[in-house]
Amino acid sequence: MTSSLVGSEMCIRDRFTTGMRPGELLALTWNHVDFEKQLLYTDNRVNSSTLEVVAPKTKDSIRYVPINNESIMVLKELKKEQRITNNELGIKNVHNYVFQHYGLKKEIPTNASCNKILRKVLNHLEIKPVITIYGARHTRATYLITKGLPLDVVAKVLGHSVEAVSYTHLRAHETRRH
């Protein structure tokens, strides 16, 4: 498995464990990762059409997102692997991206490439329905709500208003229950 593929898989994994928007994760740099406090800081996003780093969607999008011990360990391993691979290939992670895609002009994976990998993983695991990377965000929100986290906390983690979380995620949860 190539290092760029591993980076894309890590990005998909983090979408399920953080609930961050795809563009927010793709814009993460290693400066946005606080290994000690177990937090990711998001203050911008990648535009999926241009692959340019742009301003966040809303002021609520600028936030700290908690991550667990397992995510910290995975990110440390990814950082180590990136360093080794960059040395072997004689390239630099110019923008210090967490989810660097080696050899591409923009240095980051696209939503399409992440969706392709996610589809392969879900099919391999025989998980239905197959969702997109954006669906991973909704999956995380639904998980947090069903675990009893207060809506204001879920909204803050997702970078949403409480109203948006209530409408989108609770309605989807109720639809699945019936």
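Refer to the structure above for everything that follows.
So, a few notes on the structure that sits alongside this text. As the structure is a prediction and not an experimental result, all values here were calculated from the model.

**Describing the overall build of the chain**
Okay, step 1: Counting secondary structure elements, the chain contains seven helices and five strands.
Okay, step 2: When the elements of the chain are put in sequence order from the N terminus, they spell out α-α-β-β-β-β-β-α-α-α-α-α.
Okay, step 3: Here the chain, with 178 residues, has 43% of them falling under the buried criterion.
Okay, step 4: Looking at the chain alone, contacts between residues at least 24 apart form 54% of all its contacts between residues at least 6 apart.
Okay, step 5: Here the chain displays about 10100 Å² of accessible surface, and carbon together with sulfur accounts for 55% of that area.

**Structural notes on the pattern of salt bridges**
Pairs can form between side chains of opposite charge once their charged atoms are near each other.
Okay, step 1: A complete count under the given rule lists three salt bridges for this structure.
Okay, step 2: With a shortest N-O distance of 2.7 Å, Arg 21 and Glu 24 are connected by a salt bridge. Of the two residues, Arg 21 and Glu 24, neither departs from the other in class, the shared state being buried.
Okay, step 3: Across the pair Asp 60 and Lys 59 runs a salt bridge, and its minimum N-O distance is 3.7 Å.
Okay, step 4: The exposure class assigned to Lys 59 is exposed, which follows from its relative accessible area of 70%.
Okay, step 5: Because the salt bridges share partners, they merge into one network encompassing Arg 21, Glu 24 and Arg 63.

**Some thoughts on the packing of aromatic side chains**
Okay, step 1: Inspection of the entire model under this criterion finds two aromatic pairs.
Okay, step 2: Judged by centre distance (6.2 Å) and plane angle (20°), the rings of Trp 30 and Phe 35 are stacked. Like Trp 30, the residue Phe 35 is buried in the burial classification.
Okay, step 3: When the centroid spacing of 4.8 Å and the interplanar angle of 45° are considered together, the rings of Tyr 41 and Tyr 64 count as tilted.

Rules of the game
- Residues numbered from 1 in each chain as written.
- Predicted model: local features only at pLDDT ≥ 70, side-chain atom pairs only at ≥ 80, totals over all residues.
- Heavy atoms only, no water.
- Helix = DSSP H or I, 4+ residues; strand = E, 2+ residues; numbered from the N terminus.
- Buried < 20%, exposed > 50% of the residue type's maximum accessible area, 1.4 Å probe, protein only.
- Contact = heavy atoms within 4.5 Å.
- Areas by Shrake-Rupley, 256 points an atom, 1.4 Å probe, with all protein chains shown as cover.
- Salt bridge = Lys/Arg side-chain N within 4 Å of Asp/Glu carboxyl O.
- Phe/Tyr/Trp six-rings, centres within 6.5 Å; stacked < 30°, edge-to-face > 60°.

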